[in-house]
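Residue-level structural notes
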Amino acid sequence: MAYFEWASDMVIDHDGPIDQDHRRLVAQVNRLHDATSQGSGQEIVAGLLEELLADTKEHLAHEERFMASVGFPESEAHRKGHDHFVAEMVRLKELYEGDSPTVATRLSQLLRDWLSLHIRRNDKEVRLFLDKQRRLKALKNPDALGLKKHKKKRYRIAVALFLCSAGWFKSRLGPAWH
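It should be emphasised that the depicted structure is a prediction, and the values quoted were computed from it without experimental measurement. (Residues numbered from 1 in each chain as written. Predicted model: local features only at pLDDT ≥ 70, side-chain atom pairs only at ≥ 80, totals over all residues. Heavy atoms only, no water.)

For the protein, the helix and strand inventory stands at six helices and zero strands. Ordered by position from N to C terminus, the α and β elements of the protein give α-α-α-α-α-α. The 178 residues of the protein split such that 37% are buried. For the protein, the exposed surface amounts to about 10400 Å²; the carbon and sulfur share of it is 54%. (Helix = DSSP H or I, 4+ residues; strand = E, 2+ residues; numbered from the N terminus. Buried < 20%, exposed > 50% of the residue type's maximum accessible area, 1.4 Å probe, protein only. Areas by Shrake-Rupley, 256 points an atom, 1.4 Å probe, with all protein chains shown as cover.)

At Gly 47, helix H2 (residues 41–70) shows its largest kink, close to 35°. Of the positions making up H2, those classed as buried are Gly 41, Val 45, Leu 48, Leu 49, Leu 52, Leu 53, Asp 55, Thr 56, His 59, Leu 60, Glu 63 and Met 67. For H2, the secondary structure elements touched by its buried residues are helix H1 (17–37), helix H3 (75–97) and helix H4 (103–140). Following H2 by one or two positions, Gly 71 has its phi on the positive side, about 75°. (Bend = angle between axes of the 7 residues up to and from the residue. Contact = heavy atoms within 4.5 Å.)

Here we come to the packing of H2 against H3. Direction vectors running N to C along H2 and H3 enclose 170°, while the axes themselves pass 11 Å from each other. In terms of orientation, H2 lies roughly antiparallel with respect to H3. Handedness of the crossing formed by H2 with H3: left-handed. The residue makeup of the contact of H2 with H3, split by class, is twelve nonpolar, five polar and six charged. (Axes fitted to C-alpha atoms, helices over the stretch in contact; angles between N-to-C directions. Parallel < 35°, antiparallel > 145°, perpendicular 65-115°, else oblique. Left-handed = near helix turned anticlockwise from the far one by under 90°. Nonpolar A, V, L, I, M, F, W, Y, C, P; charged D, E, K, R; others polar.)

Looking now at H4. Between its terminal C-alpha atoms H4 stretches 53 Å, which fits the 56 Å expected from 38 residues at 1.5 Å a residue. Bending of H4 peaks at approximately 40° at the position of Ile 119. (Expected span 1.5 Å × (residues − 1).)

What the rule picks out here adds up to two aromatic pairs. Consider the rings of Phe 72 and Phe 129, whose centres lie 5.6 Å apart with planes at 70°: the pair is edge-to-face. Taken together, the residues span a long stretch of sequence, with Phe 72 in the loop between H2 and H3 and Phe 129 in helix H4 at a distance of 57 residues. Judged by relative accessible area, which is 5%, Phe 72 ranks as buried. Classification of Phe 129 by relative accessible area gives buried; the value is 11%. Taking 3.8 Å as the distance between ring centres and 10° as the angle between the ring planes, the aromatic pair formed by Phe 85 and Trp 114 counts as stacked. A residue pair is termed long-range when its members are at least 10 positions apart, and Phe 85 in helix H3 and Trp 114 in helix H4 qualify at 29 residues. The burial state of Phe 85 is the same as that of Trp 114; both residues are buried. (Phe/Tyr/Trp six-rings, centres within 6.5 Å; stacked < 30°, edge-to-face > 60°.)

The next subject is the side chain of Ser 116. Within the secondary structure, Ser 116 is located in helix H4. A relative accessible area of 16% means that Ser 116 is categorised as buried. Each residue touching Ser 116, except ones within four places of it in the same chain, is listed here: Phe 4 and Leu 111.

Axis separation between H3 and H4 bottoms out at 11 Å; the angle between their running directions is 175°. Considering the angle they form, H3 stands roughly antiparallel to H4. Here His 78, Gly 81, His 82, Phe 85, Glu 88, Met 89, Arg 91, Leu 92, Leu 95 and Tyr 96 of H3 come into contact with H4, specifically with Val 103, Arg 106, Leu 107, Leu 110, Leu 111, Trp 114, His 118, Asn 122, Asp 123 and Val 126. Partitioning the contact of H3 with H4 into residue classes produces eleven nonpolar, five polar and four charged.

Let us now look at the nonpolar core. What tends to happen in soluble globular proteins is that the nonpolar side chains get buried as a cluster. Leu 32, Leu 52, Met 89, Leu 107, Leu 111 and Leu 115 are the most contacted members of the largest nonpolar core, which has 26 residues in total. Broken down by secondary-structure element, the contributors of at least two residues to this core are H1, H2, H3 and H4. Of the residues forming this core, the biggest block, eight residues, is contributed by H4. Aside from chain neighbours lying at most four places away, what touches Met 89 is Leu 49, Leu 52, Leu 53, Thr 56, Leu 110 and Leu 111. Of all hydrophobic cores here, the second largest spans five residues; its members include Phe 72, Val 126, Phe 129 and Leu 130. (Core = buried A, V, L, I, M, F, W, Y, C linked by side-chain atoms within 4.5 Å.)

Take it as geometry only, folks, not as evidence of what the structure does.
What follows is the structure, given as structure tokens:
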């Protein structure tokens, strides 16, 4: 059994670029943990730290560009979380360069815990935002769904109830509700 397993509740873009990046980072965490468990964590930390830092920075930049492109309203707070995580990784790299013997284990735990929480909470907010945007678009244009006339009204009611429960009813429906 892997130290950190990919789970269905971590899916953000249905095996798109974000999920692929996340899966690669999960695999790297598992490589580090396996090496640490076998007593060779320190030997692979240097190379893996460089690889992880590069992959993480690239992924986070990609994720931030994606959030900006879809108009995600919480992108600034999300970016600050990214910055904090990268700073923690850099701090661990500095500790490793200072010959700290616990870096491999600490890095493994940091990566597992941060990735798990960040994907399941923060990145999930992006997915929920996109889902709401799709529902809103469909509400404004149910013809795009190919529904029959009597089902369009039911669909609008169902989406309106969803949006109402999500706090979007007054601010978003406007002229779409005729």
